[in-house]
Amino acid sequence: MGLAAASLSITRAEFRRTTRAVAGNRTRLVLMSAVALFVLGPITAVGVLLLPELGEHAADGTLSAADAATATDYVTGATAVVWVFLVFMAVMRTITTVADIDQPAFLLLSTPVRNTVIGVVAAETVRFAVWLLPSTVLLAAAFAAGAGTPLPVLAAPLLVGSCLLTAFPVGFAVGIWIRHLITTYEPIARYRMLLFAAFWALYLGAVTTGGFDVIMETLFVRLRSSPLGWPGHLLLIGVPGIDPSVPALGGTAVGSVVVLGLAFAVGTTGARTHWFADPARTDDEEPSSETSDDRLAELLSGTLSRPVRTVAVTAIRRTKRSPIRLAYAGYPLLGSVAFAQRIIEAGTVPRFVAVLLCLYVVWAAGVLFTLNPLGDLGPALPAVVTSTLTGRQAIRGRIAAGALVGVPLAFLVSVVTGIVSPLSLERTAALVGATVVGAIATPALAAGIGSAFPRFGSVNVTSNREAVMPSKTAFLVYTLAIALPAIAAASLYLEAPEAIAGLLRSVTAWTPLPAVSLSARTITTGAWIVLLAGLLAPPISYRYAVERFDWYDFE
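Conventions we followed
- All residue numbers refer to position in the chain's written sequence, counted from 1.
- For a predicted model such as this one, the threshold for reporting local features is a pLDDT of at least 70, and the threshold for listing and counting side-chain atom pairs is 80 or more; totals across whole chains, interfaces and linings nevertheless cover every residue.
- Where side-chain values are given, they derive from all heavy atoms of the structure, hydrogens and water being excluded.
- Only DSSP runs of H or I covering at least 4 residues are called helices, and only runs of E covering at least 2 are called strands; the numbering of each starts at the N terminus.
- Note on classification: 1.4 Å probe, protein chains only; a residue is buried when its accessible area is under 20% of the maximum for its type, exposed when over 50%, partly exposed between these limits.
- The contact definition used throughout considers only heavy atoms, calling two residues in contact when any of these lie within 4.5 Å.
- The Shrake-Rupley method, run with a 1.4 Å probe sphere, supplies the accessible areas, and residue values consider only the shown protein chains as cover.
- Contacts described as polar in this section are N or O atom pairs within 3.5 Å, which, within protein, must combine one atom able to donate a hydrogen with one able to accept it, while residues neighboring in sequence count only if both atoms come from side chains.
- Residues grouped as a nonpolar core are buried Ala, Val, Leu, Ile, Met, Phe, Trp, Tyr and Cys residues, joined through side-chain atoms within 4.5 Å.
- Stacked, tilted and edge-to-face are the three classes applied to pairs of Phe, Tyr and Trp rings, where Trp contributes its six-membered ring and a pair requires centres within 6.5 Å; stacked means planes under 30 degrees apart, edge-to-face means over 60, and tilted covers the rest.
- In a helix, the anticipated span is given by 1.5 Å times the number of residues less one.
- Put simply, a patch holds well-exposed residues, over 30% relative accessible area, that have no salt bridge, with like charges counted together within 9 Å and Val, Leu, Ile, Met, Phe, Trp or Tyr side chains within 5 Å.
- Only one rule defines a salt bridge in this text: a Lys or Arg side-chain nitrogen within 4 Å of an Asp or Glu carboxyl oxygen.
- Axes here mean lines fitted to C-alpha atoms, for a helix over just the part in contact, with angles spanning 0 to 180 degrees between N-to-C directions.
- Each angle is binned into one of four classes, with values under 35 degrees roughly parallel, values over 145 roughly antiparallel, values of 65 to 115 roughly perpendicular, and all other values oblique.
- Helix crossings are classified by the rotation of the near helix relative to the far one: an anticlockwise turn of less than a right angle makes the crossing left-handed, while a clockwise turn makes it right-handed.
- Each residue is assigned to one of three groups, with Ala, Val, Leu, Ile, Met, Phe, Trp, Tyr, Cys and Pro labelled nonpolar, Asp, Glu, Lys and Arg labelled charged, and all others, Gly among them, labelled polar.
- Think of pLDDT as the predictor's per-residue confidence, scored from 0 to 100.

Undergrad: I keep staring at the overall build of the protein and nothing clicks. Help me out?
TA: Assigned secondary structure in the protein consists of 21 helices and 2 strands. Here the protein holds 555 residues, and the buried ones make up 38% of them. Relative to all contacts within the protein whose residues are 6 or more apart in sequence, the contacts with residues 24 or more apart total 80%. Surface exposure of the protein reaches about 30200 Å², of which carbon and sulfur atoms provide 70%.

Below is the structure:
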């Protein structure tokens, strides 16, 4: 099989695999549809509304030399920034997904490495082109309708194609060597989790402090006159009144060929080195990990029975060995970026942010070890539930594991946020007490909910990593079981039932919905009922989890 045929076959197989994975995962399909609707949708809609007018303005011949120079700077600067962004995405995708090929023993023996590299890079390029090209063509058509020329419809996809065809080979060439270092070079591989954590900490820090905007602005200004901005002149071909630079167009054509050849040469060498190398051995870390677990068991020996202690230590040990299992616990933190930027600008933590952060710690204490007590056992489930271990011991062990991690974290976070926020000393003490008690209660709450809605199969955490996760129903029910009593308590504390009743009357008066006339007294009564139910839920949930474990039926 020739080079083109082999590479095309690999591209088709990789793209087909991606399509099937997306189509077969309803959650991922919904998320991607939401991104397309709420992120790309508004941008495309605004562009379709504004670009025809810009096209008319360009076609009427009133653009001055200064306007043309400004438009050229904007186009070339934006092109350079987009190219750098695509390279960054390609590097990250290569490190995490693309370089981890499926069935390597078959693929690497059936065709040369060069064919495989071209195939997987082409498949990755097509994946992004499916997202970018439709919106690009639509926006270009909107501009062309106003300008009265079809050239933008040809020039815009040409620009996107030029960026994709060069950015992804470069990103793969860089990413494959980085992945090789962090997976096969032992001094680096041993601390790769710390490196990843440091990287994301720096990234989020740049976003929250505004440093990311400064970096983008600097790249925009510095790179617009560089070779990275030359492809932007492809877009100017379709803009009336602006003449693209012929040398820049020639440099784009020649430079793309040169960059493409060098990137594939470096990428192929890196792929051959990485794919045929043995992964780094970091097993020497295991004894120290087991030693720390033994010390934890000795520490708990005076307070917990041996079966309970064994369950708790085992749950913590399994999580330490596979921390990807807890990836879902960090998802809510992604929404804290906006709060972080506000905190940095204000120099203090607002009261509501302090409460929300403590509420997150309380929520996280329950999801760490107890939101899927049956499913987390995996293949060992039959052996465990038929052993002499009782449901009381199994559930208490998981609750103890959650409390061992959650209580110190709850105390630390609540104390720090209470001190740096405008809360008074008395309210800070109340916040600390409520957070610590909540971190003890939520593992019990989660145990019953997770036992009622277990998940036994693994799911994709990333595109190439699987783990057993709590079910979506358990997540939803557990979150509502915490959020609703918290909202009820806040409304009672702030004496808000009257304001809520007025808001409901106002909203229903301006909508075709039936009129809602709830009195403040009714809302207060409902809030107390929800709050009391939330306080009684943890012991009831704990009892249910124990009974569910003791009487679990495999049929």
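Undergrad: For this particular structure, what's the right way to read the side chain of threonine 125?
TA: Secondary-structure assignment places threonine 125 in helix α5 (residues 113–147). A polar side-chain atom of threonine 125 sits 2.8 Å from the main-chain carbonyl oxygen of valine 121. With sequence-adjacent residues up to four places away left out, threonine 125 is seen in contact with Leu164, Leu165 and Phe168.

Undergrad: Before we go on, may I ask you to explain the nonpolar core in this structure?
TA: Proteins that are soluble and globular tend to have nonpolar side chains buried together. Counting 32 residues, the largest nonpolar core has Val117, Val120, Leu164, Phe172, Ala271 and Trp275 as its most contacted members. Where this core is concerned, the elements lending two or more residues are α3 (65–98), α4 (104–110), α5, α6 (151–184) and α11 (246–275). For this core, the element with the highest residue contribution is α6, accounting for 10 residues. In this structure leucine 164 touches Leu86, Thr125, Phe128, Ala129, Leu132 and Pro169, once residues within four positions along its chain are discounted.

Undergrad: How should the environment of serine 226 be read in this particular structure?
TA: With respect to the helices and strands, the residue serine 226 is situated in the loop between α9 (211–223) and α10 (232–236). Overall, serine 226 belongs to the buried group, its relative accessible area being 15%. As for serine 226 and threonine 76, which are separated by 150 residues in sequence, their C-alpha atoms are 8.8 Å apart. Of the polar contacts made by the side chain of serine 226, one reaches the backbone oxygen of leucine 223; its length is 2.6 Å.

Undergrad: Sorry, what's going on with the packing of aromatic side chains here?
TA: Aromatic ring pairs are reported here in terms of the distance separating the ring centres and the angle at which the planes meet. Scanning the entire structure with this criterion turns up 7 aromatic pairs. Measuring from ring centre to ring centre gives 5.9 Å for tyrosine 74 and phenylalanine 220, while their planes differ by 50°; the resulting arrangement is tilted. Note that tyrosine 74 is positioned in helix α3 and phenylalanine 220 in helix α9, a separation of 146 residues in sequence. Classification of tyrosine 74 by relative accessible area gives exposed; the value is 54%. Members of the aromatic cluster, each reached through a chain of ring pairs, are Tyr360, Trp363, Phe475 and Tyr478.

Undergrad: Just to check I follow, could you spell out the environment of proline 373 for this structure?
TA: Relative to the assigned elements, proline 373 resides in the loop between α15 (351–367) and α16 (381–385). With 22 residues separating them along the chain, proline 373 and isoleucine 395 place their C-alpha atoms 7.5 Å apart. Excluding residues that lie within four positions of it along the chain, proline 373 makes contacts with Ile395, Arg398, Ala447, Gly450 and Ser451.

Undergrad: What is the right way to read α15 from this model?
TA: Along an α-helix, residues three or four apart share an orientation, since each turn contains 3.6 residues. Here α15 contains 17 residues, and its C-alpha end-to-end distance of 25 Å stays within 8% of the 24 Å for a straight helix at 1.5 Å per residue. Turning to α15, its buried residues are Val353, Ala354, Cys358, Tyr360, Val361, Val362, Trp363, Ala364, Ala365, Gly366 and Val367.

Undergrad: What is the right way to look at a nonpolar patch on the surface in this model?
TA: A cluster of nonpolar side chains, contributed by Val35, Val126, Val130, Trp131 and Leu132, occupies part of the molecular surface with about 360 Å² of accessible area. Along the chain, tryptophan 131 turns up in helix α5.

Undergrad: What is the right way to read the packing of α3 against α5 from this model?
TA: Geometrically, a packed helix pair is captured by the angle between its two axes and the distance between the axes. At their nearest, the axes of α3 and α5 sit 12 Å apart, and the two run at 125° to each other. Considering their axes alone, α3 and α5 lie oblique with respect to each other. Crossing handedness for the pair α3 and α5: right-handed. For the pair formed by α3 and α5, the contact residues are Leu86, Met89, Arg93 and Val98 on the first element and Val120, Glu124, Arg127, Phe128 and Leu132 on the second. Along the lines of polarity and charge, the residues of the contact of α3 with α5 split into 6 nonpolar, no polar and 3 charged.

Undergrad: What is the right way to read α11 from this model?
TA: Spanning 30 residues, α11 covers 42 Å between terminal C-alpha atoms, matching the ideal 44 Å at 1.5 Å per step. Turning to α11, its buried residues number three or more, namely Ala248, Gly251, Thr252, Ser256, Ala263, Gly267, Thr268, Gly270, Ala271, His274 and Trp275. Of the surrounding elements, those touching the buried residues of α11 are α4, α5, α6 and α10.

Undergrad: I keep staring at the confidence of the model for the protein and nothing clicks. Help me out?
TA: Caution applies to low-pLDDT regions: their predicted coordinates should not be interpreted in detail. Looking at the protein, the pLDDT average stands at 83 and 87% of residues meet or exceed 70. With pLDDT under 50 throughout, residues 284–288 is counted as low confidence; its partners more than four residues away or in other chains account for 3 contacts.

Undergrad: Looking at this structure, how should I read the packing of α15 against helix α19 (residues 472–493)?
TA: Taken N-terminus to C-terminus, the directions of α15 and α19 make an angle of 145°; their axes are 11 Å apart at the nearest point. The handedness of the crossing between α15 and α19 comes out as right-handed. Facing Leu359, Val362, Trp363, Gly366 and Val367 of α15, the residues of α19 in contact are Phe475, Tyr478, Thr479, Ile482 and Ala486. Considering only residue class, the contact of α15 with α19 consists of 8 nonpolar, 2 polar and no charged.

Undergrad: Could you clarify how one ought to interpret the pattern of salt bridges in this entry?
TA: When the charged atoms of two side chains with opposite charge come close together, those side chains can pair. On inspection of all chains with the given rule, the structure shows 6 salt bridges. Arginine 127 serves as the salt-bridge partner of glutamate 124, at 2.5 Å between the closest nitrogen and oxygen. Of this pair, glutamate 124 and arginine 127 both sit in helix α5, 3 residues apart, which is roughly one turn of that helix. Judged on exposure class, the residue glutamate 124 and its partner arginine 127 are both buried. Close ionic contact of glutamate 547 with arginine 543 constitutes a salt bridge, the shortest N to O distance being 3.3 Å. Here the residue glutamate 547 and the residue arginine 543 both occupy positions in helix α21 (residues 520–550), the gap between them amounting to 4 residues, near one helical turn. Looking at arginine 543, the relative accessible area reads 37%, which means it is partly exposed. Salt bridges here are not isolated pairs; linked through shared partners, they connect Glu14, Arg17, Arg93, Glu124 and Arg127.

Undergrad: Any chance you could explain the environment of alanine 401 here in plain terms?
TA: Mapping alanine 401 onto the fold places it in helix α17 (residues 391–420). Owing to a relative accessible area of 0%, alanine 401 belongs among the buried residues under this scheme. Separated by 85 residues in the primary sequence, alanine 401 and isoleucine 316 have C-alpha atoms spaced 6.5 Å apart. Excluding its chain neighbours within four sequence positions, the residues that come into contact with alanine 401 are Ala312, Ala315, Ile316 and Phe369.

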